[in-house]
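Here is how the chains run, residue by residue.
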There are 4 protein chains.
Amino acid sequence: MIPHNHWLRSLWNLLMLFVILLFLFIISYRQVFSLFTPDAVYWLFVSFFIADIILNFFTTIKRGHIRIETPLEVRRFYVRTSFFVDFLAALPIEAILFWMWGPLGTQGPIASVLYLIVLSVTLVKLLKAGSIFKYLQESLGIMPAARRLLLFAYWLVVAIHIIALGWVWIGAGETGRPYFDQYIRALYWATTTIATIGYGDYTPDHNSTVQIVYTIIIELFGVGMFSYVIANVSSLVANLDVAKSAYRRHLDEVNAFLHAQRIPSHLQERVRDYYSYLWEQQRGVSTMQVLQEFPRSLSQEILLYLNRDVLERVELFRGADELFIREAMQLLKSEVFLPGEYIIRQGEYGDCMYFLTSGTVQVVVNDKEVARLGPGSPFGETALVEQGRRNASVISLDYSTGYRLAKSDFEGLRQKYSEFDAHIKKVVAGRKKK
Amino acid sequence: MIPHNHWLRSLWNLLMLFVILLFLFIISYRQVFSLFTPDAVYWLFVSFFIADIILNFFTTIKRGHIRIETPLEVRRFYVRTSFFVDFLAALPIEAILFWMWGPLGTQGPIASVLYLIVLSVTLVKLLKAGSIFKYLQESLGIMPAARRLLLFAYWLVVAIHIIALGWVWIGAGETGRPYFDQYIRALYWATTTIATIGYGDYTPDHNSTVQIVYTIIIELFGVGMFSYVIANVSSLVANLDVAKSAYRRHLDEVNAFLHAQRIPSHLQERVRDYYSYLWEQQRGVSTMQVLQEFPRSLSQEILLYLNRDVLERVELFRGADELFIREAMQLLKSEVFLPGEYIIRQGEYGDCMYFLTSGTVQVVVNDKEVARLGPGSPFGETALVEQGRRNASVISLDYSTGYRLAKSDFEGLRQKYSEFDAHIKKVVAGRKKK
Amino acid sequence: MIPHNHWLRSLWNLLMLFVILLFLFIISYRQVFSLFTPDAVYWLFVSFFIADIILNFFTTIKRGHIRIETPLEVRRFYVRTSFFVDFLAALPIEAILFWMWGPLGTQGPIASVLYLIVLSVTLVKLLKAGSIFKYLQESLGIMPAARRLLLFAYWLVVAIHIIALGWVWIGAGETGRPYFDQYIRALYWATTTIATIGYGDYTPDHNSTVQIVYTIIIELFGVGMFSYVIANVSSLVANLDVAKSAYRRHLDEVNAFLHAQRIPSHLQERVRDYYSYLWEQQRGVSTMQVLQEFPRSLSQEILLYLNRDVLERVELFRGADELFIREAMQLLKSEVFLPGEYIIRQGEYGDCMYFLTSGTVQVVVNDKEVARLGPGSPFGETALVEQGRRNASVISLDYSTGYRLAKSDFEGLRQKYSEFDAHIKKVVAGRKKK
Amino acid sequence: MIPHNHWLRSLWNLLMLFVILLFLFIISYRQVFSLFTPDAVYWLFVSFFIADIILNFFTTIKRGHIRIETPLEVRRFYVRTSFFVDFLAALPIEAILFWMWGPLGTQGPIASVLYLIVLSVTLVKLLKAGSIFKYLQESLGIMPAARRLLLFAYWLVVAIHIIALGWVWIGAGETGRPYFDQYIRALYWATTTIATIGYGDYTPDHNSTVQIVYTIIIELFGVGMFSYVIANVSSLVANLDVAKSAYRRHLDEVNAFLHAQRIPSHLQERVRDYYSYLWEQQRGVSTMQVLQEFPRSLSQEILLYLNRDVLERVELFRGADELFIREAMQLLKSEVFLPGEYIIRQGEYGDCMYFLTSGTVQVVVNDKEVARLGPGSPFGETALVEQGRRNASVISLDYSTGYRLAKSDFEGLRQKYSEFDAHIKKVVAGRKKK
């Protein structure tokens, strides 16, 4: 079996997208201008569609959270789901119709319309294109917004093409010119109309009710479709970076507050610097908030990954029991400290301890620096163990981040995990000696 | 009395919608082209409206949460509410005017305008159409979005028709052509104008101030209306599936988080698979959240329905007291377990028990599988009863869902309901023997 | 002093709005077509503006929460705030310019532009119109949405008028026609352009760079303005009833849930009926939620008003101490009961009592009805006093609403207010006798 | 080093913005009309770009929260970041191409296109403009919305200019006129097209496929861009004052509630007055809510600033320990009192004390005024200390604001800070004497 996310498979899908677009353009163009015969090019297209079906029988499937990998199951699943669309797309309807009724346009008006209706089955290929887009997004990891932008462009191009061919087919446009020029001018009319520009240099023939009715229909649906696409593309562009735009909106509110309360500009600058730092660290998404809605095992897994550095640096965690680490991880609260901020003030009552994860802090006793701690250091645990006031201040030297462990959670962990208790006792004893 | 949601009654309403549309089109068309006489077709229309009034007197009524079913009350309610509109709609105003003043357009300008004003009473039929739409939605269970889409289409078609007839009536358009061709070309002008295309092939006669003023008015109101319809249809299409689009927006945020924190791709995939599973289970609406705002009796009713399988499978609930079931149902919290997830870890402190509702789990003691449990099985209750550490691990084999019962709620139920207490003791005793 | 919300004052303001609009139209029209002389009509307009200033000196003022009522303060406040705008609006700039430089258009091009710039001071009258709109909204109690709609219409009409006059003034349009016809055709050009229709029957003269540049400017700003107005009007129309549209959106979500979970249709109908009832009662705004953000004294005031019926009907509250009523009011939680719902079930543990505010309930002991209670009745207090199980069921017969008083709050009130304690004991004793 | 926010530096940046715009306009205009030679004006432009690079080497840098001030680091950072763009912008590509291949348009079609592609490197100057905009916003403190508006205007003007030049270059437009007239008419065509007006007086030559294809492309992208700009500008204008529009939306909801519940108009007015007062005080942003998400040290700093008056007026805080002030500040809750509101009622149970921050209150015992308190006064502490009922009422005379300190927090502070305890005892003792 071919793995569903093999790069060759993705390449083939990209190729199929291109083949579908090309097929729709070339064959419909030929049909409208009565140039179509089931020639080599046509059969080449058809063979592509058949090859795709065959390949699908040998490719593993992933739909949402479901994976299908054994040949038998793949076949069963494929036949039950998208096989029908693929089969319809691979049917050489154009050739069959050509052999039965001759080229399009040589029939009477009613037969002609019937011919067109049967032909329109070929549009099922667009459904195929839609599902390939979805597949490519999943396997190539394109952002969904980008996929939707591409899809809109795809539909729009196909729609304008079909509207233009319709214009040619009802005899509008400049019939005296060569075929390709007629097509380009019909495209021009279609674009000018659905973009509501309406220069008026090409308009329906006032003596042809068919052309007028066709124009009315295109005006209503085409304009609707175009506005819809423009509105969607605008909102997609505006939200390309969801996180960034939410962050910006929030910053606007904070700015409004700072202006309204006439906070002095040096404080305003500190606030803005803080948000800039936060953005750089979190890209506007609060880790804790997102993790809350993941199932427990998944959020633990992600926390372990995010804190892999801390786990290695903090002596306490190195080689500790996995159960302990998993439980402790979920009790820690991330915090940001500003340059010069007092994380702990000497004399305060202590109700938490910290683990530094980035930056440097200064330990100060009676206004004299006694130590500097780097990433991985725990601090503030003495007061917790001895239930008293803080015996030293800890000041952040730069922007730094740390985890906060509340007193109650700390007590809970010591009670449950004897190794943790022992370790804490050792650390406190060690500090005292100094 | 005819039940208000009888399918024949719905059919009649659909027919009435069609009759109203047809009436507005045919009669106004005839009036403008001075073809109107109160002929058989006209009286057929009128008799439809009268038949509808008679039927309404014999149909039960449902407005919001109010039901009216006795003949007397129906009559009283109908006469007090929509009867007046129905009566105005059934009045043969066109015939009366025709007998009094002759066909439209044979009067002087002022009489003509007066004639038109009286005629416009017939537009009350649109109000009737609006209330039929509302009725159809309620009785056929159409999604409100679909109803609004249809309504917008209905208004738009009627508005374009009226704008086109107005254009003909003030003498604009190609007066030399047959009536129907004039009408089609007026429609063409109306569409081209309100869709802001403005080819310029049909414009008001520069020597006719009336036509110019008419065009100005249509430009302002018509364009406003068209933009409004397009904007609404766009947002309706975008939100056709409210739940899906909210889900997608949320997934975008989660993806942004995964990208920003550079979570490795195998973890990313597990997160996405989880959301895909969640979507399939819940369709993006958290049951618990919705139920919270329902009144208690209704949310209990719905919980009983949703958990009808669990209630049958879980031994504990089968044949239990209804009061117990209702109370227990509201204490359970739904949870999802991923393939391979440790629901319970041996050695942990236990603070809850579970009921499996779908999927399979493995019970593992000291890394050896000792049992497999399927939907309906309770597990994790031993540690709760004995207040100790978990004596086995429970691992989910596939995606599975279960209910979680917290320790405190568990104790509360055992205290209140002695049968539950007895059952739990029996289960624990049974496990120990094994 | 004239009270600021006297109806004659409001009428005068409406008149002023009309006078401003008329002035802008008539005088600018005359200026552009060189018809302006400071005639009687002109001085009548000016005297209106002067009269308004004089009236303002004798009218009390209300701005936000500030009221100014003594003559001296009114004069001081008025002179410091809107007097300057009113003074500029009353200045006969047109007459002064006419006496100094003759009619507009008889100067050289530079003097002409200077003339125009000085004239544009008259647009300050629009500011005056804006503040009159605001005043009218506050004193007439028009919904803000309606005011904004009117304001948009006002601006749009004035803007189109000015654009059209500009078009005439630069020599575009059909110069051969009578003045009014020229004006109408300029309006037609302006509307056709800013609504982006662009028929192309009137375009700038290709040999006049001034006309082309004027058109470019109008295209950019006019189209921007028109789109802005349309977008705002659309959103205003869509949100005319803020509460209703929020309610509808919420109902859509509930419907999506019901569909997704395939709730049987009779339960679905009950849910929808419930929301319909809720809407009728609350009009989509939860009283409790709104009151939370009011200051305490205001929310108490409003609760006393909303519950004036209950306070009269419930024996307990009649003639009770005001402090008790105010405190109790804020502890009650509003609840809705469905037809057939068990508010209390015999045998349940009771943790609250109720006061019925509307509808009827049935008291049932061992499946036998023992009493019916109407609005104003308290029930469920026995179990609270005796700390046991409910000794009767209470079933709602129709949709009914009641207040819920939780056990803890109940105990708190009994402890604080001895009269309440006495009353409760009496009621319980009375019931036992029966 | 030049400080990055020196006013001369800002002026230079403004000048550079103007230079870039001018360069893009003049040089591209000359290129298209084959008027370009590397003359003095051209080299003046180039020297501006070079001067800017040199200046950047001597200016300190601030990016988000990062400050770079030492010459070496500035150079390293600049070379690694925006130097490349600045270098490309300063390259005299136009001159090099002119010397190599002669003026644009004298080559064959393929060489011409190649020429254009190389020339388009000059558009990198737009990137430079973008980063100058960002810099100006940060150093001049422009609101982000205003910056985005200006940026949109900038892009739009440049885009229309380029579209117009493209139109001239492919030979469309009125080739017989002088160069500048051709350019103006091309601008006119570009604006008329992308604003979707499409008069149709200038259209592509129907015999020129190049012009038709160019028009199709402009129609699709130009219209998309224009709609995007209009939509964004509309939403920017609507949200220029984020806080105000959120406040207005909220007020609409409150009004809807008042209407729906038919609150009597004197109560409605009080509610509206309250919101008007609140708006004036807070400008729609709740201080407490914003501060919650700031890091502790920053929120304390801002609270100290905001309450600098209170800290001076309240006897208790004057000269108190900083640790105490910081801790107390975060326990206080801001409250608003309406005119006539009972802040404290005699006989109530007291569970908090207050500090008045603005306005005047009346202390009333048994309906007799005994004192008036102004900003800075604490009140309500007696009942807290003595655990009894309030022995006086306190009534707000006007709108006033105060801080509320809850009983539990009060006890906590007294326990921790002995000075506070002593002070409170003194105050209570002092009151008793009176």
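Residues numbered from 1 in each chain as written. Chains lettered and ligands numbered in written order. Predicted model: local features only at pLDDT ≥ 70, side-chain atom pairs only at ≥ 80, totals over all residues. Heavy atoms only, no water.

As recorded in an unreviewed UniProt entry, chain A goes by the name Cyclic nucleotide-binding domain-containing protein, listed as coming from Gracilinema caldarium. Checking UniProt for chain A, the heading Subcellular location (unreviewed entry) contains the comment "Membrane". (UniProt positions renumbered as here; feature names shortened; annotations may be inferred.)

Colleague: Looking at this model, I keep getting lost on the interface of chain B and chain C. Mind explaining?
Modeller: A common way to express how large an interface is: the accessible area buried when the components associate. Between chain B and chain C, the residue contacts involve 53 residues of the former and 59 residues of the latter. When chain B packs against chain C, close to 4700 Å² is buried across both sides, 62% of that on carbon and sulfur atoms. Remark: the boundary between chain B and chain C carries three salt bridges. Two residues, D273 of chain C and K62 of chain B, come together in a salt bridge whose shortest N-O distance is 3.0 Å. Run the count over chain B and chain C and you get 13 residue pairs in polar contact (both at pLDDT 80 or more). A per-element tally of the side of chain B that touches chain C places helix 10 (residues 209–238) of chain B first, with 11 residues. In terms of residue class, the side of chain B that touches chain C is built from 25 nonpolar, 18 polar and 10 charged. (Contact = heavy atoms within 4.5 Å. Buried area = accessible area lost by both parts, 1.4 Å probe. Salt bridge = Lys/Arg side-chain N within 4 Å of Asp/Glu carboxyl O. Polar contact = N/O pair within 3.5 Å; in protein donor to acceptor, adjacent residues only side chain to side chain. Helix = DSSP H or I, 4+ residues; strand = E, 2+ residues; numbered from the N terminus. Nonpolar A, V, L, I, M, F, W, Y, C, P; charged D, E, K, R; others polar.)

Colleague: Hey, could you run me through the relation of the copies chain B and chain C in this one?
Modeller: Both copies of the chain are related by one operation, a rotation about an axis with a shift along it. Relative to chain C, chain B is turned by 90° and slid 0.0 Å along the rotation axis, the superposed coordinates differing by an RMSD of 0.1 Å. Taken together, the rotation and translation describe the operation of a four-fold axis. Each copy contacts the other with its own distinct surface, as only 9% of the interface residues of chain B are interface residues in chain C too. (Least-squares fit on C-alpha atoms with pLDDT ≥ 70 in both.)

Colleague: Any chance you could explain the sheet that holds strand 3 (residues 333–337) of chain D here in plain terms?
Modeller: Sheet strands pair by backbone hydrogen bonding; their relative direction is either parallel or antiparallel. Residue and element names in this part refer to chain D. Pairing within the open sheet is antiparallel, and its four strands lie in the order 3-10-5-8. Every other strand in the sheet has two partners, leaving strand 3 and strand 8 (378–379) as the edge strands with one partner each. In the sheet, strand 3 pairs with strand 10 (residues 400–406) via five bridges, with the strands oriented antiparallel. Looking at strand 10, one finds that V336 is bridged to T401. (Pairing = 2+ DSSP bridges.)

Colleague: Explain the side chain of S396 of chain C to me, please; I cannot follow it from the model alone.
Modeller: Residue and element names in this part refer to chain C. Here S396 lies in strand 9 (residues 393–396). A residue is classified by how much of its surface remains accessible, and S396, at 1% relative accessible area, is buried. Setting aside chain neighbours within four positions, we find S396 in contact with F337, L338, P339, G340, E341, I343, T360 and V361. (Buried < 20%, exposed > 50% of the residue type's maximum accessible area, 1.4 Å probe, protein only.)

Colleague: I'm lost on the sheet that holds strand 5 (residues 352–358) of chain B in this one. Help?
Modeller: Residues and elements named next belong to chain B. Pairing within the open sheet is antiparallel, and its four strands lie in the order 3-10-5-8. The sheet terminates laterally at strand 3 (333–337) and strand 8 (378–379), the two strands that pair on one side only. Both strand 5 and strand 8 contribute to a ladder of two bridges, which runs antiparallel. Bridging across to strand 8, Y354 finds its partner in F379.

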